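Below are the chains, spelled out letter by letter.
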Amino acid sequence: MGKVKGKHRLDKFYRLAKEHGYRSRASWKLVQLDSKFSILRSSRAVLDLCAAPGGWMQVAVQRVPVGSLVLGIDLVPIAPIRGAISIEQDITKPECRARVKKLMGEHGVRAFDLVLHDGSPNVGGAWAQEAMSQNALVIDAVKLATQFLAPKGTFVTKVRVRF
Ligand SMILES: C[S@@+](CC[C@H](N)C(=O)[O-])C[C@H]1O[C@@H](n2cnc3c(N)ncnc32)[C@H](O)[C@@H]1O
């Protein structure tokens, strides 16, 4: 049998995520970040950009104060997560900004304490091309964070680098 590669690799983080009932091995990245920097326990409003299938949202709802807003956005639908809401939007489009603003108004949220971004464009292709598209998505995430983050809020993003 061939080796399992890429997103489907069945490594330690995949197993840990499964054991804890998380939807993605990515959840473990947020668990680790939160253990180190305690970014969730004081966040009353969390915006999760490129959030499907919802692993980071699952971690967030467990760790934010009761009654907080956890809003996930992705191009593809996110199966419901108790305590969170999600919308299908492209984070690079102005409509996305408008939807977020509307939802903030409906939930009485003036700004997000935490903006998360774990986006990966589904483009495929050569490493350099993929890295460029991924990092372009980071710029869009930064733009949204600039607009919606509270003063002294926290922005977390994945960046593709090669050493
Ligand atoms: C690695 S997954 C995110 C995993 C997620 N953090 C979790 O814990 O389940 C990357 C996501 O980025 C989304 N994505 C890529 N480009 C996007 C865009 N322009 N707008 C919204 N979502 C996007 C993809 O649909 C994909 O679901």
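Everything quoted here is computed from the prediction, not taken from an experiment. (Residues numbered from 1 in each chain as written. Predicted model: local features only at pLDDT ≥ 70, side-chain atom pairs only at ≥ 80, totals over all residues. Heavy atoms only, no water.)

Asker: Honestly, the UniProt feature "active site" (unreviewed entry) in the protein chain in this entry has me stumped. Any pointers?
Answerer: Within this numbering scheme, the UniProt entry marks Lys158 as carrying the feature "active site" (unreviewed entry). Inspection of the secondary structure puts lysine 158 in the segment after β5 (149-157). Looking at lysine 158, its side chain comes within polar contact range of the side chain of aspartate 118, at 3.0 Å. (UniProt positions renumbered as here; feature names shortened; annotations may be inferred. Helix = DSSP H or I, 4+ residues; strand = E, 2+ residues; numbered from the N terminus. Polar contact = N/O pair within 3.5 Å; in protein donor to acceptor, adjacent residues only side chain to side chain.)

Asker: Sorry if this is basic, but what is going on with the packing of aromatic side chains here?
Answerer: What characterises a pair of aromatic rings is the spacing of the ring centres plus the angle enclosed by the ring planes. All chains considered together, the criterion is met by one aromatic pair. Arranged with centres 6.0 Å apart and planes meeting at 55 degrees, the rings of tyrosine 22 and tryptophan 28 form a pair that is tilted. The exposure class assigned to tyrosine 22 is buried, which follows from its relative accessible area of 11%. (Phe/Tyr/Trp six-rings, centres within 6.5 Å; stacked < 30°, edge-to-face > 60°. Buried < 20%, exposed > 50% of the residue type's maximum accessible area, 1.4 Å probe, protein only.)

Asker: Would you take a moment to explain the sheet that holds strand β4 (residues 112-117) for this structure?
Answerer: Remark on secondary structure: sheet strands pair via backbone hydrogen bonds, oriented parallel or antiparallel. Strand order across the open sheet formed by five strands is β3-β2-β1-β4-β5, with parallel pairing between neighbours. Both outer strands of the open sheet, β3 (85-88) and β5, are each paired with one neighbouring strand and no more. This sheet shows a mean twist of 15 degrees between the axes of neighbouring strands, independent of strand direction. As paired elements, β4 and β5 share five bridges and run parallel to each other. Pairing of phenylalanine 112 across the sheet is with leucine 149, part of β5. The sheet strands contacting helix α5 (residues 127-148) are β1 (45-49), β4 and β5, and the helix crosses β5 at an angle near 160 degrees. (Pairing = 2+ DSSP bridges. Axes fitted to C-alpha atoms, helices over the stretch in contact; angles between N-to-C directions. Contact = heavy atoms within 4.5 Å.)

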